[in-house]
Amino acid sequence: MRVNRFWLPLVGFLVLAGVFFVALKRAPTGGGERLVQSVLIGKPASAFTLPSVLDPAMPVSLADFKGRWVLLNVWATWCVECRAEHQVLLDVQREGKVAIVGLDYKDEDPAANEWLQRLGNPYDAVASDPEGRVALDYGVYGAPENFLIDPNGVIVHKHIGALTSEVWRRDFQSRVDGAS
Amino acid sequence: MLPELGQFALILAMLLAFAQAFFGIAGPARRNERWIAATAPAVAGQFVLTVFAFATLVYAFVHNDFTLRSVAGHSNSALPVYFRVAATWGHHEGSMLFWILVLSIWTVAVAAFSRRLPRAFQARVLGVLGVLSAGFLLFTLATSNPFERLDRLLPDGVDLNPVLQDFALTIHPPMLYVGYVGFSVAFAFACAAMLEGKLDQTWARWTRPWTTVAWMFLTVGIALGSWWAYYELGWGGWWAWDPVENAILMPWLLGTALIHSLAVTDKRGLFKSWTLLLAIGAFSFSLLATFLVRSGVLTSVHSFAADPGRGIFILSFLVVMIGGALALYVWRAPLLRSQAGFDLVSREAFLLYNNILLVIATFVIFGGNMAPFLSDILGLGSLSVGPPYFNPTFLVSMIPLLALVAIGMHARWKRGNLGESRRVLLVSLGTALVLGLAMAIGIYGLHDVRAPLGTLLGFWIILSSLVDPIDRLRRRLSLSAAVVGMTLAHVGLGLLTLGITTTESARVERDVALAPGQSAELGGYRFTFVKTEAAEGPNYDAVRADVQVSRGDRDVALLQPERRTYWVQQTALAEAALGVNFRRDLLATMGESLGKGAWSFRLQVRPLMSLLWLGAALMALGGLCAATDRRYRQAVRSTATDPLASPARAGSAVT
Amino acid sequence: MRLRAGLALALLCLLAPLARAIDAAPPLEDPVQQQRYIALIHELRCLKCQGENIADTPALFAQDIRRQVREMIMAGKSDHEIIDYFVERYGEIILLKPRWSAKNAWLWLAPGVFLVFGGFVAWRVVRARQALLETDTEDVA
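Residues numbered from 1 in each chain as written. Chains lettered and ligands numbered in written order. Predicted model: local features only at pLDDT ≥ 70, side-chain atom pairs only at ≥ 80, totals over all residues. Heavy atoms only, no water.

### What about the overall build of chain B?
Now for step 1: Regarding its fold elements, chain B presents 17 helices and 10 strands.
Now for step 2: For chain B, whose C-alpha radius of gyration is 26 Å, the value lies close to the compact-globule estimate of 26 Å for 655 residues.
Now for step 3: By principal-axis analysis of the C-alpha atoms, chain B measures approximately 85 × 75 × 55 Å.
Now for step 4: The proportion of buried residues among the 655 residues of chain B is 61%.
Now for step 5: A separation of at least 24 residues holds for 73% of the contacts in chain B among residues at least 6 apart in sequence.
Now for step 6: Of the charged side chains in chain B, 51 are positive and 39 negative, and the gap between their average positions amounts to 14 Å. (Helix = DSSP H or I, 4+ residues; strand = E, 2+ residues; numbered from the N terminus. Rg over C-alpha atoms; globule rule 2.2 N^0.38 Å. Buried < 20%, exposed > 50% of the residue type's maximum accessible area, 1.4 Å probe, protein only. Contact = heavy atoms within 4.5 Å. Lys, Arg positive; Asp, Glu negative; His and termini not counted. Charge placed at Lys NZ, Arg CZ, Asp CG, Glu CD.)

### Structural notes on the overall build of chain C
Now for step 1: When you go through chain C residue by residue, the secondary structure sums to 5 helices and 0 strands.
Now for step 2: Within the span of chain C, comprising 141 residues, buried residues form 50% of the whole.
Now for step 3: Taking contacts inside chain C between residues at least 6 apart in sequence as the whole, the part at least 24 apart equals 52%.
Now for step 4: By element, 62% of the accessible surface of chain C is carried by carbon and sulfur atoms, the whole surface being about 7,000 Å². (Areas by Shrake-Rupley, 256 points an atom, 1.4 Å probe, with all protein chains shown as cover.)

### Looking at the sheet that holds strand β9 (residues 584-595) of chain B
All names here are of chain B.
Now for step 1: In space, the 4 strands of this open sheet follow the order β1-β10-β9-β8, with antiparallel pairing throughout. Either end of the sheet is taken by a strand with one partner, and the two such strands are β1 (508-514) and β8 (577-580). Pairwise comparison of adjacent strand axes, ignoring direction, gives a mean angle of 20 degrees for this sheet.
Now for step 2: As paired strands, β8 and β9 are joined by 4 bridges and run antiparallel to one another. The residue bridging V580 from the neighbouring strand is D585, located in β9. (Pairing = 2+ DSSP bridges. Axes fitted to C-alpha atoms, helices over the stretch in contact; angles between N-to-C directions.)

### Re the packing of helix α12 (residues 347-377) of chain B against helix α5 (residues 105-132) of chain C
Now for step 1: The contact between α12 of chain B and α5 of chain C brings their axes to 10 Å, and the two run at 160 degrees. Relative to α5 of chain C, the element α12 of chain B is oriented roughly antiparallel. Crossing angle aside, the handedness with which α12 of chain B passes α5 of chain C is right-handed. Of α5 of chain C, the residues touching α12 of chain B (which contributes A349, L352, Y353, I356, L357, I360, F363, V364, G367, G368 and A371 of chain B) are W106, L107, P111, F114, L115, G118, V121, A122, V125 and V126 of chain C.
Now for step 2: Classifying every residue of the contact of α12 of chain B with α5 of chain C by side-chain character gives 18 nonpolar, 3 polar and no charged. (Parallel < 35°, antiparallel > 145°, perpendicular 65-115°, else oblique. Left-handed = near helix turned anticlockwise from the far one by under 90°. Nonpolar A, V, L, I, M, F, W, Y, C, P; charged D, E, K, R; others polar.)

### A word on the domain arrangement of chain C
Residues and elements named next belong to chain C.
Now for step 1: When its domains are assigned, chain C resolves into domain 1 (20-99) and domain 2 (100-130).
Now for step 2: For domain 1 and domain 2, the distance between their C-alpha centres works out to 34 Å.
Now for step 3: Across the boundary between the two partners, domain 1 contributes 4 residues, which contact 6 residues of domain 2.
Now for step 4: When the two sides are added together, the surface that domain 1 and domain 2 hide from each other amounts to roughly 390 Å², 52% of it contributed by carbon and sulfur.
Now for step 5: Counting across the domain 1 and domain 2 interface gives 1 salt bridge.
Now for step 6: Our count for the domain 1 to domain 2 interface comes out at 4 residue pairs in polar contact (both at pLDDT 80 or more).
Now for step 7: Grouping the constituent residues of the side of domain 1 that touches domain 2 by class yields 1 nonpolar, no polar and 3 charged. (Domains from an automatic or database assignment. Buried area = accessible area lost by both parts, 1.4 Å probe. Salt bridge = Lys/Arg side-chain N within 4 Å of Asp/Glu carboxyl O. Polar contact = N/O pair within 3.5 Å; in protein donor to acceptor, adjacent residues only side chain to side chain.)

### So, the environment of L101 of chain B
Residues and elements named next belong to chain B.
Now for step 1: Mapped onto the secondary structure, L101 falls in helix α5 (residues 92-113).
Now for step 2: Along the primary structure L101 and D468 are separated by 367 residues, whereas in three dimensions their C-alpha atoms are 42 Å apart.
Now for step 3: In contact with L101, other than residues within four places in its own chain, are T50, V51 and F54.

### Regarding the domain arrangement of chain B
All names here are of chain B.
Now for step 1: Along its sequence, chain B is carved into domain 1 (1-160), domain 2 (403-506 + 612-624) and domain 3 (508-607).
Now for step 2: For domain 1 versus domain 3, the separation of C-alpha centres amounts to 44 Å.
Now for step 3: Taken together, the contact pairs 8 residues of domain 1 with 4 residues of domain 3.
Now for step 4: Across the domain 1/domain 3 interface, buried area totals approximately 460 Å², and carbon plus sulfur atoms make up 55% of it.
Now for step 5: Sorting the residues of domain 1 by area buried against domain 3 places A78, P80 and D159 first, and these three jointly supply 63% of that buried surface.
Now for step 6: The interface formed by domain 1 and domain 3 holds 0 salt bridges in total.
Now for step 7: At the junction of domain 1 with domain 3, the criterion picks out 0 residue pairs in polar contact (both at pLDDT 80 or more).

### Some details on the side chain of T362 of chain B
All names here are of chain B.
Now for step 1: Tracing the chain through its elements places T362 in helix α12.
Now for step 2: The class for T362 is buried, based on a relative accessible area of 0%.
Now for step 3: Residues in contact with T362, not counting those within four places in the same chain, are M250, L253, L254 and F285.

If you want it as structure tokens, here you go:
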């Protein structure tokens, strides 16, 4: 079997097929939304100061929480999945391991207030971001999104989609516990 | 009861497909006449069973049998009948059955219409098609059974995605399937030739009409999809370089190269290797398209629900089929050397450049399409590739191609030497230049420096295509169907070029907020929002707006876009309104209600948009015409000498 | 469930564009800036949708991106800086036009390289066939 150019198509094809096989083996089940791995992991969380949802005269800054672990939760009243994760946030608040800072994304304060009153307020501070400017800074493209920021202000994890207790334990709590 | 029968029929069909594959391939190999003779009946039996199975599925959809998972998941009793039928293939399982049905139809057609093929060769072709059928039937029964029952009874179905509830979308998939599944015939012919160890001009002559017809259907299918996207999605985009759109463009490009390459093999026994690879390639990319849409490797508007398990099954099947064919190629291709010669500007040379450029275009699109996926799994981060990449890179190979089309048409076989054609070409080039500049600059204003190039090429191709036929008609000579077909197709290409160039460079669009009575000026037209009124359809409610379009003091069109809310899925959908004539398309799409009766609209004026569809239609018509040429129906005497070694002559008196 | 939600979301995105005014803001005064703006919003991808660009989608996300692009243009940032800004926060996946970089170079060089290689193949084949013209006595109509 002399190696000549006639082998090229077959070899090329088998290489391609191999690549696809590897990809399929690695693929998670299901399609739908492609998860975007955050490029911000490992980078310092962007500083911000926004008015609080509860009281516009009160500023909320990320810097207020320096030295603590922070769960930055991007949410909105128009977001269906946020409703689902609300209970998980309340549970996390009860555990008290991290500070929870809410970022109310492209929402309206009255509606947000009504929501928190009705469902409970899990946040140590909740900032109002009606124009989504801070969210843009964090590479947010929808709600809910959750960031884990370490005591030095570095983003160590991002989760797109609702926070479940399993995700919290596996991806967030483990990192908090692991570091201490 | 009926669906169970349908499933049973499918199982039998699969068994027959295996039989067909066995008899078709082993028969000639063992020179067993009885086995060879058994192939055609297996084909017929499989066809009947497949039709029956498909019919039972359609019946289930039409009669709202919601105990079937497919029907419950994709249909609804409020859905009009014709959409219920379309829903049969509007989802993964049903579309797989449809794929199998289409393959069966093509197989039966080959069995019925190629009596003049040597029996052994025909058996091999049917055998290869049998392998394909068997594989797909196995896959469908094992992983994608359309007849699966639900374990509970639902009162009604989830409904067909409203975006799919549209006439064009009922025929777009069937046309596409007939097209790209049809390339399986060329693939089977190629495999049969390789199995036999014989590939000559006669073989090319047999393969051509099948390939051309398949190509024609694919052209229509792609054009329909594009047309649908254009008027349904509302912002005038007709090609988004979506991964699945690309997946179906690639077989089309290779198919185009194939029909041209077959012409060379037919005429001069050259390009055998190219033709084989193109035949394998066109169908391979068809299979690849099938795989990509269903496996979750690509996410796209078109993707069916992703499932890596299915993906692996299909991929394994692909490796067997394509790998097998390419292995046959390794075995046989070295024997296909021809000793024919040709010159630099001969027709063969131009068709060589044609092949090369189309293959380059295919590879470029393939690279761009696969890049995000590759980047992901190689751990190089996320990447996305869209129109800003594909548009320029596609043109890199297309522009030279279009230029060569105009010239190549006049090149003679073997020696070339354009001779007198040179004068004709220069005159047509000059005329095209004048017309092109007049159009791009004079009529439409120079918005884009590429526009004159596009119009020049478009006109040149059209003029160049018409020279010979008109000359022949003037001399009162007849035109064969092949020549008519070729002319139509190339003129269609020219029109397509003109249309795309103009509509993309000279279009105008605006987003405006209008209160009733207000108007907006755009591209020389005035769009006046008159009023809205409520409307109702068979399964939706709508708000319809009246937008009066005028030019100067004349009323030109009344556009009535709608905002529809479909009852079942509760989704809102905007129906764009179009005002079409040869010169331009006017589009109006409703955005959102802004309160107090005001609405936001997107308005567009797209010059010469119709040329796109006309061009595509002519191309398809040309293909159809060419396929009906007499020479394909004449008895062809196969060469007596061994065609592998010598420059094969068709020997017989065929033109 | 995830799959359905994802699909529903994707569907909504397909339909959402048709639900609102796409670009409510008036064009920029400087035509050059407006050109840049139009070009840039066609190069950025709406991450909430299936492969759409920012220009043709009214999703909330897209509106914010357009506003940001507009503000950055008016603040005098170059196209390069604007692209960098988004890539820093969202990754290269937000670009529809792959950036010129070491790992993307092959994408942009491929067409040219293919053309050169194709030309080479053509030259070789034509040369060989021209040589065969001597011995090829076949008469071709």
